[in-house]
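Structure at a glance
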Amino acid sequence: MIVEFEDPIWLAGLIFIPLLILYSRYFSKRKFLRALEFSKLSVIKAAQPGKKTERLLKVTFSLGLMAIAFIFIGLAGPQFPLEQTKEGVNIVFALDTSGSMEAADYQPDRITAAKEAIGTLINQLDLKDYAGIITFDSGASTAAYLSPDKQRVIEKLGMIAASDDSTAIGDGLALAVDMSKSIPNRKSVVILLSDGESNAGYVSPETAAEFAKESGVQVFTVAMGSSEKVLVGYDWANNPQYATVDEETLEYIADSTGGGFYSSVDEKTLGNIYSQLDDAIVHEKEKTPVGWIFFLLAGLLVIAEYLIRYGRWRILP
């Protein structure tokens, strides 16, 4: 078990322990030498404590040193990664709602299949997990705030529809990362669903991925679409418009943030991917502060020293 310290500078105070030991030995030696200056042996014996008293003095001195050491260790903020996890996970879904998500290579279309898969995963989350949804097309917006009320999030999910706009993956990812960190001291995860063709927005996918990495947020990406071009409609000149999948961008985002990339080729595979995502999310061990234990031990040692000095075994007048 590895111990970590929040303020390790306080450990420098432990240097006082050997210094106090050296000073104590030096003081005891000087006291004895002063006694030798007297000519009578009885005076020397009177200057020296009895064996029992001497042992008790050594015990009380040791207790005092240990109390000082425990105080400095407690001030350093010791933390142990105990066998427990943080209270739940913040999971934010970043859903592409651009025009390409209306492609019918999923039945009835990509956006509907993605929403159904998101709903399935939300229902599988633990009670302590929080869920939220970000949508993005030519920009990004919040569809459902991060909340433990998963039924409310699913209701908001049902109101999402695709638009005719372009795709701003970077904007959507950046906003999703920001939402995932809105409730601190919890593991943060973003699950991004898109065809990966980023052609709009102010933030590039690479910049957003770097932001996620610096924020400690894992990003899992799911490619929505088949490997072949899919007809989604016609432009004003009656020219056919096709939707493709940019897996390279999605894979880069996942790899650079320590998440996972999933290449979905049919709607059955999509359901299987989401059933695996919950297992892939790593719940972190919690760093638990234990400084109070050292303060408690220091207090008990001080009480023990006091009882020895002035209690039943009274060694001081």
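The rules behind these values
Residues numbered from 1 in each chain as written. Predicted model: local features only at pLDDT ≥ 70, side-chain atom pairs only at ≥ 80, totals over all residues. Heavy atoms only, no water. Helix = DSSP H or I, 4+ residues; strand = E, 2+ residues; numbered from the N terminus. Expected span 1.5 Å × (residues − 1). Buried < 20%, exposed > 50% of the residue type's maximum accessible area, 1.4 Å probe, protein only. UniProt positions renumbered as here; feature names shortened; annotations may be inferred. Pairing = 2+ DSSP bridges. Axes fitted to C-alpha atoms, helices over the stretch in contact; angles between N-to-C directions. Contact = heavy atoms within 4.5 Å. Parallel < 35°, antiparallel > 145°, perpendicular 65-115°, else oblique. Left-handed = near helix turned anticlockwise from the far one by under 90°. Phe/Tyr/Trp six-rings, centres within 6.5 Å; stacked < 30°, edge-to-face > 60°. Lys NZ or Arg CZ within 6 Å of the ring centre and 35° of its normal.

Looking at an unreviewed UniProt entry, one finds the protein named von Willebrand factor type A, with Methanolacinia petrolearia as its source organism.

Compared with the 16 Å implied by 1.5 Å per residue over 12 residues, the 16 Å span of helix H6 (residues 169–180) between its first and last C-alpha is a close match. With 10 of 12 residues buried, H6 lies mostly within the body of the structure. Three or more residues of H6 are buried, namely Ile 169, Gly 170, Asp 171, Gly 172, Leu 173, Ala 174, Ala 176, Val 177, Met 179 and Ser 180.

Here we take up the UniProt feature "transmembrane region" (unreviewed entry) in the protein. With numbering matched to this structure, UniProt assigns "transmembrane region" (unreviewed entry) to residues 12–28, 56–77 and 290–308. Helix makes up 91% of residues 56–77 and strand makes up 0%, while its end C-alpha atoms are separated by 32 Å. As annotated, residues 290–308 has a helix share of 95% and a strand share of 0%, and its two end C-alpha atoms lie 28 Å apart.

What follows is about the sheet that holds strand E4 (residues 130–136). Through backbone hydrogen bonds, the strands of a sheet pair up, either in parallel or in antiparallel fashion. Taking strand neighbours across the sheet as the criterion, the six strands line up as E5-E4-E3-E6-E7-E10 in an open arrangement whose pairing is mixed. Either end of the sheet is taken by a strand with one partner, and the two such strands are strand E5 (140–147) and strand E10 (261–263). Adjacent strand axes in the sheet meet at a mean angle of 15° when their direction is disregarded. Seen against the sheet, helix H4 (residues 110–124) touches strand E3 (89–96), E4 and strand E6 (187–194) and runs at an angle of roughly 170° to E3. The sheet contacts of helix H5 (residues 150–158) involve E4 and E5, and relative to E5 the element is tilted by about 160°.

With that out of the way, let us pick up the packing of helix H7 (residues 205–214) against helix H8 (residues 247–257). With their axes 9 Å apart at the nearest point, H7 and H8 run at an angle of 20° to one another. Taken together, H7 and H8 sit at an angle that is classed as roughly parallel. Two packed elements cross with a definite hand, and for H7 against H8 that hand is right-handed. When H7 is examined against H8, the residues Pro 205, Glu 206, Ala 209, Ala 212 and Lys 213 are found in contact with a partner set consisting of Thr 249, Tyr 252, Ile 253, Ser 256 and Thr 257.

Moving on, we get to the packing of aromatic side chains. Tallying each qualifying case throughout the model produces two aromatic pairs. Between the aromatic rings of Phe 16 and Phe 72, the centroid separation amounts to 6.2 Å while the plane-to-plane angle is 20°, which identifies the pairing as stacked. Pair noted here: Phe 16 is in helix H1 (residues 16–36) and Phe 72 is in helix H3 (residues 51–75), with a separation of 56 residues, a long-range link. Positioned above the aromatic ring of Tyr 130, the side-chain terminus of Arg 186 is 4.1 Å from the ring centre.

Below, the discussion takes up the environment of Phe 5. As for its position among the elements, Phe 5 is in strand E1 (residues 4–5). Taking the relative accessible area as the measure of exposure, Phe 5 reaches 31% and is therefore partly exposed. When the C-alpha positions of Phe 5 and Phe 80 are compared, they lie 8.9 Å apart, and in sequence the two are 75 residues distant.

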